[in-house]
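If you want the building blocks of each chain, they are given just below.
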Amino acid sequence: MKKTLILSAALAALAAAGAVQAQSASYAIDGSHTFVTFEIKHFNFGFSTSRGRFDKKEGSIALDPAAKTGKVEVTIDTASINTGVAALDKHLKSADFFDAEKHPSARFEGSQFVFDGAQLKSVSGTLTLLGKTQPVTLNADQYGCYDHPLLKVQVCAGDFSTTIKRSQWGMEKMLGILPDEVRLVIQVEAVKQP
């Protein structure tokens with residue numbers, strides 16, 4: 001009898017914990033732990049890879065794990081591009097590529113969440129860049145939520161990736177020399193809001 005009561009209490013506690021975790025919640029993206037990185041082969045020979053990232057980004061996530069629905073909105077400051085090479089950054093900000101003066105931001109909006117059981121597998125939506133909006137699916141390479149030991153609040157985090165063709169957004173400069181395909185790797189952490 002005692003074991004049955006203990007087991008019942010434990011199951012009730014687990015069910016309550018699951019119900020709490022499954023509730024809809026809003027999260028603010030932590031810019032200091034979120035990075036949007038791009039990778040492109042250095043010239044069409046494909047022997048090495050050039051990488052860069054955007055240092056300024058902000059956004060929010062709304063997630064309802066029980067309904068397996070959500071919404072992601074991320075805005076990226078295109079002038080914050082950082083390859084570690086000042087001359088290359090300047091060229092990438094120019095009208096040849098990101099045209100940061102005319103198009104100071106890029107934006108991802110996702111609302112199609114795909115789960116395998118409780119595990120998030122992908123988020124599909126649109127990427128607006130250079131004034132053009134195209135569909136994009138971000139694959140969840142890993143994803144989960146945890147109680148942050150310092151912030152004392154829930155944080156959801158993951159690594160996402162996709163490959164796009166820059167020409168779809170009109171970024172066609174040097175297509176004969178540089179590849180069209182660009183791999184995006186996104187590390188994200190988002191803090192639950194009260």
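These figures come from a predicted structure and were not determined experimentally. (Residues numbered from 1 in each chain as written. Predicted model: local features only at pLDDT ≥ 70, side-chain atom pairs only at ≥ 80, totals over all residues. Heavy atoms only, no water.)

A. Region of the structure containing the nonpolar core. In this structure, F98 and F160 are the most contacted members of the largest nonpolar core, which totals 39 residues. A per-element tally of this core places strand β11 (residues 181-192) first, with five residues. Those residues in contact with F98 that lie beyond four places of it in its chain are F54, T78, I81, L92, K93, H103, L129, L130 and M171. (Core = buried A, V, L, I, M, F, W, Y, C linked by side-chain atoms within 4.5 Å. Buried < 20%, exposed > 50% of the residue type's maximum accessible area, 1.4 Å probe, protein only. Helix = DSSP H or I, 4+ residues; strand = E, 2+ residues; numbered from the N terminus. Contact = heavy atoms within 4.5 Å.)

B. Expanded view of the pairing of strand β8 (residues 119-129). As defined by bridge partners, strand β7 (residues 105-116) adjoins β8 across nine bridges and the pair is classed as antiparallel. Paired with Q112 across the bridge in β8 is S124. One ladder, built from eight bridges, connects β8 with strand β9 (residues 132-147); its direction is antiparallel. Among the inter-strand pairings, G125 is bridged to a residue of β9, identified as V136. Between β8 and β9, which pair antiparallel in sequence order, lie two residues; one of them, L130, sits at a positive phi of approximately 55°. (Pairing = 2+ DSSP bridges.)

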